[in-house]
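Structural overview
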Amino acid sequence: MGRGFIVEDAVEGYLSNLCEQPTSPTTGLLIGQNSAQRDFVVMATRTPQSQESGKDLVDKEWMCEHARQVSRMLPGGLSVVGVFIITDSNVSDILNPLQQTVCGLDKTISSEHLWVPTDDEVVEYVILHINPRTKTTTCRTFNVRDLKSPWKSADWKYQSSVCSAWTTVSCCLNVDIMLPLPDRRAGVESMEACLKEGLQVWARQIQEGFCLFNGKRIPEDVELTSGQKRNVRQTVNAQLIIPLENQRLSNLVQQCGGSVSVRGAVHSRVFLQGGKPKSKLAEKLLKRDVVSTMATRVFMMVEDLLTSEGARTDKQEDFNLPHRIFCPMNTTWPVCACVYQFTDEGPADLIERLKEMLDIDVTVNDLDTTQEIPAEIGGKSVPT
């Protein structure tokens, strides 16, 4: 039996509107949450038109880049779970290019993960094909880790208020980490690899920590909201505790060309589908979001500095990492996306980015800028 997807009915309206537009084919991403029992899709967003797009039915590279950008904008519990295509081409004609696309998409997203996948990870992506003339919908899944596996039919069912009662877990964590840099002669790839290695050391510290939910340590197999009303929106405050002995283990001496010190407080947020979420899942997703949001900011800062003249110097410089701004995907939902704001950016830049990447229309009042004060990143060069 294939997987079953429960889909927010707003997705149906969004896809129907795309079917009415003359541009074809139209491709995009499906955003939601996977679980062992059932899968949820809460949002669809079309991939922006690329100026370099050719006549191929699917622009693999551009969809992969779109997925990378969108993944950075998703808080804990949400991920890219599949792709959609609106075209009057036969399903059989698009399976091969879509197979290559979802494999590339998974590889692109996974390349930015700093954690080791667990055995219960869902490795199937959903592919939704819609014929704009007949309005026929075909839903299938594909295992990206087993290229020889067959396509499987999947159940696609629309439902209202899918995520209206999802549980929100929020956490604020103070960070103070030192990351090594290669010497000035190293290229961009060496710098990124060096920073990633340093972040992985810190990520292991996070993984070895433990969480308190509403001030209590909850056993792994106990429901996060045990004793509270069902189908009611719940908010849980979490604390991530890193034992001091684990912090000392990362204080290693190594030869490097410089270092980056990152200090500040970051806000993490996780959304869990209704039902009976266990504390084990909440803790896993919260730790991953903490690691992901920190890594995203560091790499965004490096990408920005590398495009600036004189980014590498022999003196210490202080910069502000982009800070995290939350924005509801829908005004009636607790579920949010996020966007990162540099100090030289204003609300208009964020609104434009949300429209381009997620195809949502928001106003300044929708942007939650109260959760964070920008963290600082200090670059300190040493003689090489």
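One numbering rule holds for all chains: residues counted from 1, following each sequence as written. Totals for whole chains, interfaces and linings use every residue, but because this is a predicted model, local features are given only for residues with pLDDT of at least 70 and side-chain atom pairs only at 80 or more, for both listing and counting. As a rule here, side-chain values come from all non-hydrogen atoms in the structure, and water together with hydrogens is ignored.

Test applied: UniProt positions are given in the numbering used here, feature names are shortened, and annotations may be inferred rather than shown by experiment.
Going by what an unreviewed UniProt entry lists, the protein chain is known as Protein odr-4 homolog and is assigned to Tetraodon nigroviridis. Reading the Sequence similarities (unreviewed entry) entry of the UniProt record for the protein chain gives the comment "Belongs to the ODR-4 family."

1. A short note on the overall build of the protein chain
Keep this limit in mind: Under the scheme used here, helices are H or I runs from DSSP no shorter than 4 residues and strands are E runs no shorter than 2 residues, and both carry numbers assigned from the N terminus. Only protein chains enter the accessibility calculation, which uses a 1.4 Å probe; a residue whose area is less than 20% of its type maximum is buried, one above 50% is exposed, and one in between is partly exposed. The contact definition used throughout considers only heavy atoms, calling two residues in contact when any of these lie within 4.5 Å. All accessibility values rest on the Shrake-Rupley procedure with a 1.4 Å probe; residue burial counts only the protein chains present in the view.
From N to C terminus, the protein chain includes seven helices and 16 strands. Out of the 384 residues in the protein chain, the part that is buried amounts to 50%. For the protein chain, the proportion of contacts with a sequence separation of at least 24, taken over those separated by at least 6, is 76%. Carbon and sulfur atoms provide 46% of the accessible area of the protein chain, an area that totals close to 19300 Å².

2. Considering the nonpolar core
Which entries qualify depends on this criterion: Remark: nonpolar core denotes a set of buried residues (Ala, Val, Leu, Ile, Met, Phe, Trp, Tyr, Cys) joined through side-chain atoms within 4.5 Å.
One finds Met294, Met329 and Leu358 to be the most contacted residues of the largest nonpolar core, which totals 90 residues. No other element matches helix α6 (residues 279–306), which puts 13 residues into this core. Ignoring anything within four residues of it in the chain, the contact list for Met294 reads Val175, Ile177, Leu199, Trp202, Val262, Val266 and Leu321. In this structure, Cys19, Ala44, Phe84 and Trp156 belong to the second largest nonpolar core, which totals 19 residues.

3. Re the environment of Val266
Counting through the fold element by element, Val266 comes out in strand β12 (residues 258–272). Filtering out sequence-adjacent residues up to four positions away, Val266 remains in contact with Cys171, Cys172, Leu173, Val175, Met294, Arg297 and Glu372.

4. A closer look at the sheet that holds strand β4 (residues 79–86)
To keep things clear, this is the line we draw: DSSP calls a pair of strands paired once it identifies at least 2 bridges connecting them.
The strand order across the open sheet built from eight strands is β7-β6-β5-β4-β2-β3-β1-β8, with neighbouring strands paired in mixed fashion. Only two strands of the sheet have a single neighbouring strand rather than two, namely β7 (152–153) and β8 (155–159). Relative to β7, strand β6 (residues 137–143) runs antiparallel, the two sharing two bridges. Looking at β7, one finds that Arg140 is bridged to Ser153.

5. So, the packing of aromatic side chains
How two aromatic rings sit relative to each other is given by the distance of their centres and the angle of their planes. As a reminder of what qualifies: Working definition: rings of Phe, Tyr and Trp (its six-membered ring) pair if their centres are within 6.5 Å, and the pair is stacked with planes under 30 degrees apart, edge-to-face with planes over 60 apart, and tilted otherwise.
Taken as a whole and judged by the stated rule, the model has four aromatic pairs. Taking the centre distance of 6.2 Å and the plane angle of 40° together, the rings of Phe5 and Trp156 count as tilted. You can see Phe5 sitting in strand β1 (residues 4–8) and its partner Trp156 sitting in strand β8, a full 151 residues away along the chain. Trp156 carries the same exposure label as Phe5, and that label is buried. Ring centres of Trp156 and Tyr158 lie 6.1 Å apart, and the angle between their planes is 90°; on these two criteria the pair is classed as edge-to-face. Among the aromatic residues, ring-to-ring pairing joins Phe5, Trp156 and Tyr158 into one connected group.

6. Topic: helix α1 (residues 9–19)
Every α-helical turn comprises 3.6 residues, leaving residues that sit three or four positions apart pointing alike. The criterion, for reference: Each direction from the helix axis to a C-beta atom contributes to the arc, which is the arc of those directions.
Listed in full, the buried residues belonging to α1 are Val11, Tyr14, Leu15, Leu18 and Cys19. Take α1 and look down its axis: the buried residues cluster within an arc of 145°, on one side only. On the buried face of α1, the contacting elements are β1, β2 (26–33), β3 (39–46), β4, β5 (124–130) and β8.

7. Quick notes on the side chain of Lys287
Rules: Pairs of N or O atoms are called polar contacts if they sit within 3.5 Å, as long as, within protein, a hydrogen donor faces a hydrogen acceptor (for residues adjacent in sequence, only side-chain-to-side-chain pairs).
By secondary structure assignment, the location of Lys287 is in helix α6. Looking at Lys287, its side chain comes within polar contact range of the side chain of Glu283, at 2.9 Å. Non-local contacts of Lys287, meaning those with residues more than four positions away in its chain, are made with Ile206, Gln207, Gly209, Phe210 and Leu240.

8. Looking at unusual backbone geometry
A positive phi is found at Ser161, a non-glycine position, where the angle reads about 55°. Its location among the elements puts Ser161 in the loop between β8 and β9 (167–181).

9. Quick look at the side chain of Arg288
With respect to the secondary-structure elements, Arg288 resides in helix α6. What Arg288 contacts, discounting residues up to four positions off in sequence, is Trp115, Val116, Pro117, Thr118 and Glu121.

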